[in-house]
Amino acid sequence: MKKIKNYIGGKLVEPVSSKYMDNIEPATGEVYSLIPDSDEKDVQLAVDAAEKARHEWATMPIEKRSALLMKVADLIDENLEMLAKAESIDNGKPISLSREVDIPRASANFRFYAAAIVNQSTQAHITADKGVNYTLREPVGIAGCISPWNLPLYLFTWKIAPALASGNCVVAKPSEITPMSAFLLSELCIKAGLPAGVLNIVHGLGPKVGEAIISHPNIPAISFTGGTATGKRIASIAAPMFKKLSLELGGKNPNIIFDDCDFEDALATTLRSSFSNQGQICLCGSRIYVQKGIYDKFLDAFVAKVKAMKVGDPLDSTTKTGAVVSAQHQEKILHYISLAQLEGGKIVAGGNAFNPKGRCRNGYFVQPTVITGLDESCRINQEEIFGPVVTVQPFETEEEVIALANSTNYGLSATIWTQNLTRAHRVGAALKSGIIWINCWLVRDLRTPFGGMKQSGVGREGGDDALNFFTEAKNICIKV
Ligand code: NDP
């Protein structure tokens, strides 16, 4: 059976404890590889390797650093099919999604930041006849990057690419639930000739490996994407150590559909924004608000389309909905569906576990589920389920729907459907969300700030925000 290894000091190594955990393929429920059960000793080895490498990496000519990162991007592209398959086996996501979204975005992350650093400038301020102030940005040294399981390589590289590009060495931990593509990336980094110790990947559990990274005194910046509860725990450890912290957390995103929308476009996109990756994208809309004039028409059409969705083997190229990530997560989603019924909700599509025939008969699948009849105070409309479950509610006025949309502790993203441009801007400004899509969903531009409001996060990723996060700004003033 394939053994995943840690990537420390440029080498693929066993965990110090020699202990391994099972890695389960969610579509079949079978163990298919072994993951290092690393601990703080492995993290220490990774920090030691990063300490050794950091000076050379930080002072390397920028064109050379950029070329090495471009090489990693090229190798990801060259190995797209292999990585896409590995990611689908590891995660349960349809291979079409891995091929078209996850893996291309991973190489785009490297390419974007490799290009950004050669085009960077700095600010200078002329202070009357007294002096010139300029800003010098220095890498923080060693960055800690921790990522979740839902978009494994996509989010892992979204952190490590800007951290490396800005001259830092990195100690990173992918989710133990989906470690395979990060392991394959470590093989590609060796092939690309990335100097030893620049990137170190330690596999294992959050409370062991993750906390060892968070609490390590030589790692001054932590970039974390994951659940809000984990984010709180991380902040409680890192804040008293005065570490730089970027937290990208959960969401409960509203999708607001006004009477005057382009109906067919809103319908087709809402299907995607609700159920892509089995609803396991932090940006999926899970609360659909439809204005009364088209509520019945929309609900009927939406439910018909949801019922027709093909749930099946993630490795089948025609599958649009694959397995959810684990047995435990399947149980959590089904628990929320039962809770919705107890709260008075009506299941109008899906609602059950499901097993495709053949290879996937023991896998972890949940039917795409639509629930109506719940108000905003219900737990189903307040808590993140992170699965293929949405609620649909009618509304009458703009004021009412803004209040409904803003009624949770989360504020990651929102979607608005209307042909009224003035209203689109007005509602967009009134929503407490970090990302607003108008008449579209998941249109991403890597140059824009990315992140949530309220309990969806602290800090912004993307573009210059990420490069700034992984550097310290120093002001130097010289007398004239
Ligand atoms: P978790 O918070 O459970 O885990 C995220 C990562 O943190 C994993 O690598 C995990 O390790 C690690 N971890 C867990 N506990 C600790 C700890 N005490 N100290 C340090 N690290 C720890 O999230 P999930 O993996 O379940 O991901 C789903 C969540 O991520 C959802 O809430 C989703 O909304 C959010 N998310 C947010 C995004 C955003 O951009 N805002 C984007 C994508 C997802 P392990 O699992 O290996 O134990």
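Above this text sits the structure in question.
Structure report, in brief. Position numbers for residues start from 1 in each chain and track the written sequence from start to end. In view of the model being predicted, local features appear only for residues whose pLDDT reaches at least 70, and side-chain atom pairs are presented and counted only at 80 or more, with totals across whole chains, interfaces and linings using the full set of residues. Only hydrogens and water are removed before side-chain values are computed, so all heavy atoms of the structure are retained for them.

1. A look at the sheet that holds strand 14 (residues 285–291)
Okay, step 1: The strand order across the open sheet built from 7 strands is 15-18-19-14-13-21-22, with neighbouring strands paired in mixed fashion. At either end of the open sheet lies a strand with only one pairing partner, and these are strand 15 (346–349) and strand 22 (435–438). Going from strand to strand, the sheet's axes swing by 25° on average, the running direction of each strand aside.
Okay, step 2: What makes two strands pair is DSSP finding at least two bridges between them. Elements are defined by DSSP. Helices are runs of H or I of four residues or more, strands are runs of E of two residues or more, and each kind is numbered from the N terminus. In this structure, strand 14 lies alongside strand 19 (residues 389–395), joined through 5 bridges in parallel fashion. Counterpart to Ile288 in the pairing with strand 19 is Val392.
Okay, step 3: Between two residues, a contact is recorded if the distance between any of their heavy atoms is within 4.5 Å. Axes here mean lines fitted to C-alpha atoms, for a helix over just the part in contact, with angles spanning 0 to 180 degrees between N-to-C directions. Where helix 10 (residues 292–307) meets the sheet, it contacts strand 13 (253–257), strand 14, strand 15, strand 18 (369–372) and strand 19, and its direction lies at approximately 140° from that of strand 14.

2. A look at the site of the ligand
Okay, step 1: Only heavy atoms are used to decide nearness, and a residue is near a molecule or strand if one of them lies within 4 Å of it. Taken together, 32 residues are adjacent to the ligand, and Glu176, Thr230, Leu249, Cys282 and Glu384 come closest.
Okay, step 2: One of the side-chain nitrogen or oxygen atoms of Trp149 is found 2.8 Å away from an oxygen atom of the ligand.
Okay, step 3: When the ligand is considered free in solution it has 910 Å² of accessible area, and contact with the protein chains removes 89% of it.
Okay, step 4: For the shell around the ligand, the elements supplying multiple residues, two or more each, are helix 7 (206–214), strand 11 (221–225) and helix 8 (228–238).
Okay, step 5: Sorting elements by how many residues they give to the shell around the ligand places helix 7 first, with 4 residues.
Okay, step 6: Of the residues assigned to the shell around the ligand, the class counts are 14 nonpolar, 12 polar and 6 charged.
Okay, step 7: Counting contributing residues, the shell around the ligand receives three or more from each of domain 1 (2–249 + 456–479) and domain 2 (253–445). The definition of a polar contact used here is a pair of N or O atoms within 3.5 Å, where within protein one atom must be able to donate a hydrogen and the other to accept one, and adjacent residues in sequence count solely through side-chain atom pairs. The Shrake-Rupley method, run with a 1.4 Å probe sphere, supplies the accessible areas, and residue values consider only the shown protein chains as cover. Here the term charged refers only to Asp, Glu, Lys and Arg, the term nonpolar to Ala, Val, Leu, Ile, Met, Phe, Trp, Tyr, Cys and Pro, and the term polar to all other amino acids, Gly among them. For the purposes of this description, domain bounds are those given by an automatic or database domain assignment.

3. Details of the sheet that holds strand 4 (residues 20–25)
Okay, step 1: The strand order 1-5-4 describes an open sheet built from 3 strands, whose pairing is mixed. Of all the strands in the sheet, the pair left with one neighbour each is strand 1 (2–3) and strand 4.
Okay, step 2: Of the pairings in the sheet, the one linking strand 1 to strand 5 (residues 30–36) comprises 2 bridges and is parallel in character. Bridging across to strand 5, Lys2 finds its partner in Ser33.

4. Looking at the side chain of Ser175
Okay, step 1: If you trace the backbone, Ser175 turns up in the loop between strand 9 (169–173) and helix 6 (180–192).
Okay, step 2: Think of it in three bands: residues with accessible area under 20% of the maximum for their type are buried, residues over 50% are exposed, and the middle band is partly exposed, with areas taken using a 1.4 Å probe on protein chains only. Accessibility expressed as a relative area gives 8% for Ser175, which makes it buried.
Okay, step 3: For Ser175, the residues in contact, after removing those within four places along its chain, are Ser147, Pro148 and Trp149.

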